[in-house]
Amino acid sequence: AMPIQCSSTDSKREEAQQQLSMTSPTPITTRTADEALELARRQQFVRRLVGGIIGGSLHALIEQPLVNPIEACITQTQINGHNVLHNFKDLLRRRALYRSLPAALLGAVPKAIVHYSILSAYIEMFAPDSDMSKATARTAMLIGTAVGASEVWITSPINFVKFRMQRPEWGYTSTADAIATIARVEGIAAFWKGTSFVFLRNTSCNGVMVGGYKFTHLYMEGEDRFQMVPSSLKHFLSGSVGGWLGSLVSYPFEMMRAAKQHNISFREHIWAKGPKRLLAGWAPGAVRLTFTSSIMGVIIPNIRPLSDQLVGLCTSR
């Protein structure tokens, strides 16, 4: 006779049954254990979701004051074609490096929530045993693409305001003035201007970024010469490769987005001027994204315990 093997679901059901039998005065049925197991799964999902929101929000509030001036310089470079250093000096002279910080903070928290909590949710849905380290490269690309697509509809309006505030040429006096002026002059639909290009940018960037991370990590895991490299460094390097590839593949869509949101012709002002103009602002943006992806490469394998720890710290107070 063939030996009977117990699946992980059966083991979890048995654990739930044992826990219930210790607290319940009535006989425990399989149905009751299944209900308890489902309840435990929902509670665990909520804990990770809340942990993602906390971690993502902290990440955004720490990161934005540091990167906001860089983003402003990149936006100017994308539109006027001057190099980043020239635009940095110009924005510094005009005291406009941080004009978009309020809008950036408003948009960064939802964006970070997407990256952490929704990433955690998609890992739960698609990764084997809800463990990203067990996912295939194809599954990793699927998860990254899904996260990128989800981000578009949540963050597009406030990001549009942020990009407009990064250019003093628009003449907005504040984030509130920008919102009111755009709504009055261009209409409510303008806040979603360029969303199709944002969708293409995010899905291609996140798909290649997460897929590149996974392919690189699998390669290093299979090569003897990388066996002595610490695991955390492998994740960091894999994330770096993924971030660089993602930024390169998605940048043409980023330039289409910039042209559309700042009301200039992509074909006339960017495409017709050749590859150098098409990649204006790519290098500093790639460095930023590569660094962010490297950090994510370290965080992704630990996102479940990290979320649980964050929730535990908050609920213990």
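The structure under discussion appears in the preceding block.
Predicted model, so just to flag it, every value in this text is computed and none were measured.

### Regarding the packing of helix H7 (residues 195–222) against helix H8 (residues 231–261)
Any two packed helices are characterised by how steeply their axes cross, that is the angle between the axes, and by the distance between the axes.
Then, in step 1: For the pair H7 and H8, the least separation of the axes is 7 Å and the interaxial angle reads 165°. As the angle between them shows, H7 and H8 are arranged roughly antiparallel. Judged by the sense of rotation from one axis to the other, the crossing of H7 with H8 is right-handed.
Then, in step 2: Taken together, the residues of the contact of H7 with H8 break down into 14 nonpolar, 13 polar and six charged.

### As for the nonpolar core
Then, in step 1: Core analysis: the largest hydrophobic core is formed by eleven residues, namely Leu-119, Tyr-122, Ile-123, Ala-127, Met-132, Ala-135, Ala-140, Ile-143, Ala-146, Val-147 and Val-210.
Then, in step 2: For this core, the secondary-structure elements that each account for two or more residues are helix H4 (101–126) and helix H5 (137–165).
Then, in step 3: Residues in contact with Ala-127, not counting those within four places in the same chain, are Tyr-122, Met-132, Ala-135 and Ile-143.

### As for the side chain of His-262
Then, in step 1: By the secondary structure assignment, His-262 is in the loop between H8 and helix H9 (266–269).
Then, in step 2: Taking the relative accessible area as the measure of exposure, His-262 reaches 5% and is therefore buried.
Then, in step 3: A polar side-chain atom of His-262 sits 3.1 Å from a polar atom in the side chain of Trp-170.
Then, in step 4: Setting aside chain neighbours within four positions, we find His-262 in contact with Thr-75, Ile-79, Phe-163, Arg-164, Arg-167 and Trp-170.

Rules of the game
Residues numbered from 1 in each chain as written. Predicted model: local features only at pLDDT ≥ 70, side-chain atom pairs only at ≥ 80, totals over all residues. Heavy atoms only, no water. Axes fitted to C-alpha atoms, helices over the stretch in contact; angles between N-to-C directions. Helix = DSSP H or I, 4+ residues; strand = E, 2+ residues; numbered from the N terminus. Parallel < 35°, antiparallel > 145°, perpendicular 65-115°, else oblique. Left-handed = near helix turned anticlockwise from the far one by under 90°. Nonpolar A, V, L, I, M, F, W, Y, C, P; charged D, E, K, R; others polar. Core = buried A, V, L, I, M, F, W, Y, C linked by side-chain atoms within 4.5 Å. Buried < 20%, exposed > 50% of the residue type's maximum accessible area, 1.4 Å probe, protein only. Contact = heavy atoms within 4.5 Å. Polar contact = N/O pair within 3.5 Å; in protein donor to acceptor, adjacent residues only side chain to side chain.

So yeah, pure geometry; function would need other evidence.
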